[in-house]
Amino acid sequence: MSVLDNWQDWKRFLGNKMDNAVVKGIPEEVINKLALEVGDYLHSNVDPKNEQERVLSDLWSVADENEQKTLARCMMKLVQK
């Protein structure tokens, strides 16, 4: 089972990765850039596994670059502990 199969597992996984990045001193700007790259990768290469991922994918597909940056930052805020 992949972390992408379950929304709560995905949020927990992403939150842990984000926490690790913060602990290592990675600047927020770099974390946000990585979040944008992950969003692009997932949208282009991974079929959404649940309703929440489908909504994010649909939003990503109609968003311009600035809106995608906002979506990525919102996702980071959602998983912060």
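Here the structure is a predicted model, which is why all the values come from computation and not from measurement. The numbering scheme is per chain: residues are counted from 1 as the chain's sequence reads. Restriction of local features to residues with pLDDT of at least 70 applies here, the model being predicted, together with a cutoff of 80 or more for giving and counting side-chain atom pairs; totals for whole chains, interfaces and linings are based on all residues. In computing side-chain values, all of the structure's heavy atoms are included and hydrogens and water are not.

*Asks:* Could you give an account of the overall build of the protein, naming the residues involved and the relevant values?
*Replies:* Every helix listed is a DSSP run of H or I at least four residues long, and every strand listed is a run of E at least two residues long, numbered separately from the N terminus. The secondary structure content of the protein amounts to 4 helices and 0 strands. Reading the protein from its N terminus to its C terminus gives the helix and strand order α-α-α-α. Each radius of gyration is computed over the set of C-alpha atoms, and the globule rule expresses the reference value as 2.2 Å times the number of residues to the power 0.38. Here the protein has a C-alpha radius of gyration of 12 Å; the compact-globule value for 81 residues is 12 Å, and the two agree. Along the longest, intermediate and shortest principal axes, the C-alpha atoms of the protein span 30 × 30 × 20 Å. For the protein, contacts bridging at least 24 residues in sequence account for 65% of all contacts bridging at least 6. With the model as given, the accessible surface of the protein reaches about 5700 Å², and the carbon-plus-sulfur share is 53%. A contact between two residues is defined here by any heavy atoms of the two lying within 4.5 Å. Each accessible area is a Shrake-Rupley estimate made with a 1.4 Å probe; only the visible protein chains count as cover when residues are assessed.

*Asks:* So what about the packing of aromatic side chains? Which residues, and what values?
*Replies:* Each pair of aromatic rings is reported with the distance of its centres and the angle of its planes. Any two of the Phe, Tyr and Trp rings considered here, Trp counted by its six-membered ring, make a pair once their centres fall within 6.5 Å; the pair's planes then place it as stacked at under 30 degrees, edge-to-face at over 60, or tilted in between. Taken as a whole and judged by the stated rule, the model has 1 aromatic pair. Taking 5.9 Å as the distance between ring centres and 25° as the angle between the ring planes, the aromatic pair formed by Trp10 and Phe13 counts as stacked. In this pair, Trp10 and Phe13 are both assigned in helix 1 (residues 7–23), 3 residues apart and thus about one turn of the helix distant.

*Asks:* Got a sec to walk through helix 1? Specific residues and values, please.
*Replies:* Here a helix's expected span is defined as the number of its residues, less one, multiplied by 1.5 Å. The end-to-end C-alpha distance of helix 1, which contains 17 residues, comes to 24 Å, matching closely the 24 Å that a straight helix rising 1.5 Å per residue would cover. Taken residue by residue, helix 1 has Trp7, Trp10, Leu14, Gly15, Met18 and Ala21 as its buried positions. Within helix 1, the buried residues cover an arc of 130° as seen down the axis, which keeps them to one side. Next to the buried residues of helix 1 lie helix 2 (28–45), helix 3 (51–62) and helix 4 (65–79). The N-terminus of helix 1 is capped by Asn6, whose side-chain oxygen sits 2.9 Å from the backbone nitrogen of Gln8. Downstream of helix 1 by one or two residues, Gly25 has phi in the positive range, about 85°. Type-normalised accessible area, obtained with a 1.4 Å probe on protein chains alone, sets the label of each residue: buried when under 20%, exposed when over 50%, and partly exposed for intermediate values. An arc is given here, and it is the one of the directions from the helix axis to the C-beta atoms. Polar contact is the term for a pair of N or O atoms within 3.5 Å; when the atoms are in protein, one must be able to donate a hydrogen and the other to accept it, and sequence-neighboring residues count only if both atoms are side-chain atoms.

*Asks:* Now, about the pattern of salt bridges: what can you tell me, with residues and values included?
*Replies:* Between Lys or Arg on one side and Asp or Glu on the other, a salt bridge is scored when a side-chain nitrogen of the former is within 4 Å of a carboxyl oxygen of the latter. Applying the stated rule across the entire model yields 4 salt bridges. In this structure, Lys33 engages Glu37 in a salt bridge whose closest nitrogen and oxygen atoms are separated by 3.1 Å. A residue pair is termed a helical-turn pair when its members lie 3 or 4 positions apart in one helix, as Lys33 and Glu37 do in helix 2 at 4 residues. With relative accessibility at 40%, the residue Glu37 sits in the partly exposed group.

*Asks:* Can you lay out the packing of helix 1 against helix 2 for me, pointing to particular residues and giving the numbers?
*Replies:* Only C-alpha atoms enter the line fits that serve as axes; for helices the fit covers just the stretch in contact. Angles between N-to-C directions range over 0 to 180 degrees. Packing of helix 1 against helix 2 brings their axes to within 11 Å, and their N-to-C directions diverge by 150°. Overall, the two elements helix 1 and helix 2 adopt an arrangement that is roughly antiparallel. As helix 1 packs across helix 2, the resulting crossing turns out to be right-handed. Seen from helix 1, the contacting residues are Trp10, Met18, Ala21 and Val22; seen from helix 2, they are Ile31, Val38 and Leu42. Residue composition of the contact of helix 1 with helix 2, by class: 7 nonpolar, no polar and no charged. Our angle categories are set so that under 35 degrees counts as roughly parallel, over 145 as roughly antiparallel, 65 to 115 as roughly perpendicular, and the remainder as oblique. Rotating anticlockwise by less than a right angle from the far helix to the near helix defines a left-handed crossing, while the corresponding clockwise rotation defines a right-handed one. As a working rule, the residues Ala, Val, Leu, Ile, Met, Phe, Trp, Tyr, Cys and Pro are called nonpolar, Asp, Glu, Lys and Arg charged, and the rest polar, with Gly in that last group.

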